[in-house]
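# Analysis of the macromolecular model
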Amino acid sequence: MTNKIMCRMGDGERVWLPSEQVKEDILRGTQDAAERAHIPELTSEDCERLFDIIADPSKVVSVEPGEEVIVTDDAASMLFYADQENSGQGIPMSRTQSLLAYERACAADTISIGHTDYSYKQVKPIINYETQEYYNASQMTTAPFFYGSQPNMGLYFQPDGPYPNPAELLPEGKISQALEAQEIALEHLADDLVYIGKRMNAVGCEGFNFDTAASAGDADFKATLKAVSKLKEVAPGMSIEVGMSSEFVMGMHGDMTYNGKRLAGLYPHEQVKVVEEAGADIFGPAINVNTSESIPWNLSRAVTFVKATVAVAEIPVHPNVGMGVCGVPMFEVPPVDAVTRASKSLVQIGKADGL
Amino acid sequence: MGTGDIFGMPTAHVLASAMGGIRTAGDLVAWMQMTRKMKIDEAKTYVADKLGIDVIALTDEEIMRQVREDLDIGIITSVSGSAKGIVAKWKIAELLDIEINSVNLLKSKLGI
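Presented here is an overview of the structure given in this document. Fair warning: this is a prediction, and the values are worked out from it, not measured in the lab.

## Quick look at the overall build of chain B
For chain B, the count of helices and strands is six helices and zero strands. Written out in order from the N terminus, the α and β elements of chain B read α-α-α-α-α-α. Radius of gyration (C-alpha) of chain B: 15 Å, near the 13 Å computed for a compact globule of 112 residues. Here chain B holds 112 residues, and the buried ones make up 59% of them. Of all intrachain contacts in chain B linking residues separated by at least 6 positions in sequence, the fraction that spans at least 24 positions is 39%. For chain B, the exposed area adds up to about 4,600 Å²; of that, 52% sits on carbon and sulfur atoms.

## Observations concerning the side chain of Asp27 of chain B
As for its position among the elements, Asp27 of chain B is in helix α2 (residues 26-36). Those residues in contact with Asp27 of chain B, other than ones at most four positions away along the chain, are Asp109, Thr142, Ala143 and Pro144 of chain A together with Gly21, Ile22, Arg68 and Ile92 of chain B.

## Considering the layout of surface pockets
The calculated volume of the largest pocket comes to roughly 450 Å³. Lining the largest pocket we find 26 residues, and of these Asp74, Gln150 and Asp211 of chain A together with Gly2 and Thr3 of chain B sit closest to its centre. Across the lining of the largest pocket, the residue classes break down as ten nonpolar, twelve polar and four charged. Approximately 330 Å³ is the volume found for the second largest pocket. Per element, the largest residue contribution to the lining of the second largest pocket is five residues, and it comes from helix α1 (residues 7-17) of chain B.

## What to know about the pattern of salt bridges
All names here are of chain A. In this structure the tally under the stated criterion is 23 salt bridges over all chains. A salt bridge links Arg95 to Glu133; the nearest nitrogen and oxygen atoms lie 3.5 Å apart. With a gap of 38 residues between them, Arg95 in helix α3 (residues 95-104) and Glu133 in helix α5 (residues 127-138) connect regions that are remote in the sequence. Residue Arg95 is classed as buried on the basis of its relative accessible area of 9%. Accessibility expressed as a relative area gives 13% for Glu133, which makes it buried. Among the salt bridges present, the one from Glu247 reaches Arg301, with a minimum N-O distance of 2.6 Å. Of this pair, Glu247 sits in the loop between β6 (239-244) and β7 (257-258) while Arg301 sits in helix α10 (residues 295-312), and the two are 54 residues apart along the sequence. Across the pair, exposure class does not vary: Glu247 and Arg301 are buried alike. Sharing partners across several salt bridges, the network here consists of Asp32, Arg36, Glu247 and Arg301.

## Re the environment of Asp5 of chain B
For Asp5 of chain B, the location among the structural elements is in the segment before α1. Sequence spacing of Asp5 of chain B and Leu110 of chain B is 105 residues, and the spatial spacing of their C-alpha atoms is 41 Å. With residues near it in sequence (within four places) discarded, Asp5 of chain B still touches Leu79, Ser87, Gln89, Glu332, Val333 and Pro334 of chain A together with Pro10 of chain B.

## Structural notes on the side chain of Gln150 of chain A
All names here are of chain A. Locating Gln150 in the fold gives a position in the loop between β4 (145-149) and α6 (166-169). Engagement of the side chain of Gln150 in a polar contact is seen with the side chain of Asp211, the distance being 3.1 Å. Leaving out residues up to four positions away in the same chain, Gln150 has contacts with Tyr118, Ser119, Tyr120, Asp211 and Thr212.

## Some points on the sheet that holds strand β9 (residues 282-284) of chain A
Residues and elements named next belong to chain A. On the basis of which strands lie adjacent, the open sheet formed by five strands has the order β3-β4-β5-β6-β9 and parallel pairing. The sheet is open, and its two edges are formed by β3 (111-113) and β9, each paired on a single side. On average, adjacent strands in this sheet sit at an angle of 25° to one another, irrespective of strand direction. Looking at chain direction, β3 and β4 are connected through three bridges and run parallel. For Ile113, the partnering residue across the bridge sits in β4 and is Tyr147. Here helix α9 (residues 268-278) sits on the sheet and contacts β6 and β9; the angle it forms with β9, its principal contact strand, is near 150°.

## Some details on the interface of chain A and chain B
Facing 72 residues of chain A, the contacting portion of chain B comprises 52 residues. Taken together, the two surfaces of chain A and chain B that pack against each other cover about 4,700 Å², and 60% of this comes from carbon and sulfur. The largest per-residue losses of area from chain A upon contact with chain B belong to Glu68, Arg104 and Thr142 of chain A, which jointly make up 13% of the total buried on that side. Remark: the boundary between chain A and chain B carries three salt bridges. In this structure, Lys39 of chain B and Asp353 of chain A form a salt bridge, with 3.6 Å as the shortest nitrogen-oxygen distance. The interface formed by chain A and chain B includes 33 residue pairs in polar contact (both at pLDDT 80 or more).

## A word on the environment of Pro171 of chain A
Looking at the secondary structure, you find Pro171 of chain A in the loop between α6 and α7 (175-202). Taking the C-alpha atoms as reference points, Pro171 of chain A and Gly114 of chain A, 57 residues apart in sequence, are found 35 Å from one another.

## As for the packing of aromatic side chains
All names here are of chain A. Scanning all chains against the criterion turns up seven aromatic pairs over all chains. Ring geometry for Tyr120 and Phe210: centres 5.8 Å apart, planes at 55°, overall tilted. Taken together, the residues Tyr120 in helix α4 (residues 120-123) and Phe210 in strand β5 (residues 207-213) connect sequence positions 90 residues apart. Accessibility expressed as a relative area gives 0% for Phe210, which makes it buried.

## Quick word on α1 of chain B
Side chains that are three or four residues apart share a direction in an α-helix, a result of its 3.6 residues per turn. Within α1 of chain B, nine of the eleven residues are buried, leaving the element largely enclosed by the surrounding structure. Every buried residue of α1 of chain B is accounted for by Gly8, Met9, Pro10, Thr11, Ala12, His13, Val14, Ala16 and Ser17 of chain B. If you follow the buried residues of α1 of chain B, they end up packed against α3 and α11 (336-348) of chain A.

## Some remarks on the pairing of β4 of chain A
All names here are of chain A. Where burial is concerned, most of β4 is hidden: five out of the five residues are buried. Of the two faces of β4, the one lined by Phe145, Tyr147 and Ser149 and the one lined by Phe146 and Gly148 are each fully buried. Where β4 lies against β5, four bridges are found, and the strand directions are parallel. Note that in β5 the partner of Ser149 across the bridge is Phe210.

What counts, and at which threshold
Residues numbered from 1 in each chain as written. Chains lettered and ligands numbered in written order. Predicted model: local features only at pLDDT ≥ 70, side-chain atom pairs only at ≥ 80, totals over all residues. Heavy atoms only, no water. Helix = DSSP H or I, 4+ residues; strand = E, 2+ residues; numbered from the N terminus. Rg over C-alpha atoms; globule rule 2.2 N^0.38 Å. Buried < 20%, exposed > 50% of the residue type's maximum accessible area, 1.4 Å probe, protein only. Contact = heavy atoms within 4.5 Å. Areas by Shrake-Rupley, 256 points an atom, 1.4 Å probe, with all protein chains shown as cover. 1 Å grid on protein atoms, 1.4 Å probe; cavity = no way out; pocket = protein on both sides within 12 Å on 5 of 7 lines; lining within 4 Å. Points joined across faces, edges and corners; volume = space filled by probe spheres on them. Nonpolar A, V, L, I, M, F, W, Y, C, P; charged D, E, K, R; others polar. Salt bridge = Lys/Arg side-chain N within 4 Å of Asp/Glu carboxyl O. Polar contact = N/O pair within 3.5 Å; in protein donor to acceptor, adjacent residues only side chain to side chain. Pairing = 2+ DSSP bridges. Axes fitted to C-alpha atoms, helices over the stretch in contact; angles between N-to-C directions. Buried area = accessible area lost by both parts, 1.4 Å probe. Phe/Tyr/Trp six-rings, centres within 6.5 Å; stacked < 30°, edge-to-face > 60°.

As structure tokens, this is what we get:
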């Protein structure tokens, strides 16, 4: 197979692509990101470097010594004992055992735990158990230790929550009711996030992670920002990381603002600025993978967004690199050839401060 | 990092791009990002200065294994009696001149 490079598609399928097509996909990917977000495309040197990374004949690639960054996560240690839906391995281990294994066997720079049902609404009723678990584990862990979960404002709408569901109201033309439901739900969510954060801080929580912020749109994002801002006042010793759910904040409400900045439609280089304003310490952009496009296309697109974000960020930027985001194939057993290429590209070209 | 099996996702990323946690100095650099919002190069320089080593040595296992044992700030292999957990974090907080929430909680309980 002369002049063909082993690549992956966004769904993980292995394909052999001509080098010309890889280069074309890299160019199309960066152009897509640049056009959508009005940010610079990757330079020709960046594109060549990205091609070299993708075309490397080695199965696994890495950064060079001295270029390493740190990793944060959303309860990666859970993968030891979790179920298949979480890509978990189902090993009968406790959370503390899995944490220590992740710290000492996997050499992670930071570690974290969270509720198996990884949403803050589910955490609130069992907060005593969670604080107990965190506190006990924190006495044994050496690496920085986060508690994480997802704001997931969608759980506050019927049938899971108390408020009318905008997803049902909008198609019925009940616009004002849909907006009102989101406005009320975001305050409830923000209150819950602050309550949980304060309780975790009281047991010495070292880091608090808001994962997949804005998953339910701009109101979800606003609730997170409000909570971050409040927690920075009442729990200044607790580091806060905000990870996003998508490269684009959906305008489910459309009129949500934070300090005068409209949240709907924000791209990562804009998202980081409001997250900084709220007071967070680390920002994690998420660029969704298009499973119909190749990884060269997806990775080029992700690196373009990340590079633009890092260029304007005042705080560390840790792109989300789980399956389906930032150039990692959307497959529960992510191919390590693609994963390590995403890793290397985001660090060397995107200049990420972590992953 | 997010979902994906342990080997294919977090482990692959750690091998490809990460500093290696308490095997080397990854946790120390992470503390500087978390507590002082330092970007990666600044965080590495800060930690290297505190340890009295070159930045490139931060991820050199042969150097960092000894540095960590000498400073007793937590090592990857299980040496009986060596600092682990909250004791190691207390020493790290002093070494890096940072505030660590869990350590401050312990201090408050001990009246320190």
